[in-house]
Amino acid sequence: MNDVNPPRAADPAGSDGAAAPAAVSSPVVPAGPPVSDLEARHAELSDALLRAKAEAENTRRRAEEEIDKTRKFAVEGFAESLLPVKDSLESAIAIPAATPEQLLEGVHATLRQLSAALERNKVVEINPAPAARFDPHQHQAISVVPAQQEPNTVVAVLQKGYLIADRVLRPALVTVSASN
């Protein structure tokens, strides 16, 4: 006889169709260092982490202290360079019978001292020449006047401005020529 269905091996589902339980095997763990070595390594790394955190905190604190000192004493050099100017003014006041010529000479000397002190501390005048191009970053236009020069140029300087290390401390007050 011809069998349509060839003989089968044992049915894993069993005769009732339920799956037969598979043999349970424990996972294979590769051989590695003993647990005590891992715990020691963990403790070592934890200690290193705590030390690194403490060092970072100490560095941050030292940097903040340095910034505070810098802010507190930033004007020390500038103030020191102004002391001779103050001394000169006090000397001028101390002379009771000074002539106007002596006072004027003293004022000029004191102005030179002040200018030198400002220059040493990188404070530079903004004093644009007439007909210089108006620069809104360094000049403040007080008024616009008709003038016989190119539009948007400085006609007159009413008050000098100042830069400190390329930063505008005070803009120059100027009048500007009107556009035609």
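Counting starts from 1 at the beginning of each chain's written sequence and moves along it residue by residue. Selection of residues for local features in this predicted model requires a pLDDT of at least 70, selection of side-chain atom pairs for listing and counting requires 80 or more, and totals for whole chains, interfaces and linings are taken over all residues. Note that water and hydrogens are dropped before the side-chain values are worked out from all heavy atoms of the structure.

Student: Can you walk me through the sheet that holds strand 1 (residues 123-126) in this structure?
Tutor: Strand pairing in a sheet is mediated by backbone hydrogen bonds. Such pairs are either parallel or antiparallel. Pairing is antiparallel in the open sheet, where 3 strands are placed in the order 1-4-5. Both edges of this open sheet fall to strand 1 and strand 5 (167-170), since each of them pairs with a single strand only. Taken pair by pair, the neighbouring strands of this sheet meet at an average axis angle of 35°, ignoring direction. Each pair of strands is called paired provided DSSP finds at least two bridges between the two strands. Elements are defined by DSSP. Helices are runs of H or I of four residues or more, strands are runs of E of two residues or more, and each kind is numbered from the N terminus. Between the N-to-C directions of two axes lies an angle of 0 to 180 degrees, each axis being a line fitted to C-alpha atoms and, for a helix, fitted only over the stretch in contact.

Student: How do you make sense of the sheet that holds strand 2 (residues 139-145) when you look at a structure like this?
Tutor: Taken together, the 3 strands give an open sheet; going across it, the order is 2-6-3, and neighbouring strands pair in mixed fashion. At either end of the open sheet lies a strand with only one pairing partner, and these are strand 2 and strand 3 (154-159). Neighbour-to-neighbour, the strand axes of this sheet turn through a mean angle of 30°, independent of strand direction. With 6 bridges joining them, strand 2 and strand 6 (residues 172-177) adopt parallel strand pairing.

Student: I keep staring at the side chain of Thr 153 and nothing clicks. Help me out?
Tutor: Summarising the element assignment, Thr 153 is placed in the loop between strand 2 and strand 3. Summary of the burial criterion: residues with accessible area below 20% of their type's maximum are buried, those above 50% are exposed, and those between are partly exposed, where the area comes from a 1.4 Å probe applied to protein chains only. Of the residues examined, Thr 153 reaches a relative accessible area of 2% and is grouped as buried. Counting of polar contacts relies on pairs of N or O atoms within 3.5 Å, with two restrictions inside protein: one atom must be capable of donating a hydrogen and the other of accepting it, and residues adjacent in sequence are counted only when both atoms are side-chain atoms. Within polar-contact distance, the side chain of Thr 153 engages the backbone oxygen of Glu 150 at 2.6 Å. Contact between two residues is taken to exist if any of their heavy atoms lie within 4.5 Å; hydrogens are not considered. Every residue in contact with Thr 153, bar those within four places of it in the chain, is listed here: Ala 131, Ala 132, Arg 133, Phe 134, Thr 175, Val 176 and Ser 177.

Student: How should helix 3 (residues 100-120) be read in this particular structure?
Tutor: One full turn of an α-helix is made of 3.6 residues, so residues set three or four places apart face in the same direction. Taking 1.5 Å of rise per residue, the 21 residues of helix 3 would be expected to cover 30 Å, and the 30 Å separating its terminal C-alpha atoms lies within 8% of that figure. Regarding helix 3, the residues found buried are Thr 110, Ala 117 and Leu 118. One side of helix 3 holds all its buried residues, which, seen down the axis, span an arc of 95°. Turned more than 90 degrees away from the buried face of helix 3 sit Glu 101, Glu 105, Arg 112, Glu 119 and Arg 120, all of them exposed. Each helix should span, by expectation, one fewer than its residue count multiplied by 1.5 Å. The arc in question is the one traced by the directions running from the helix axis out to the C-beta atoms.

Student: Sorry, what's going on with the environment of Val 124 here?
Tutor: Inspection of the secondary structure assignment puts Val 124 in strand 1. When the C-alpha atoms of Val 124 and Gly 161 are compared, they prove to be 8.4 Å apart, with 37 residues separating the residues in sequence.

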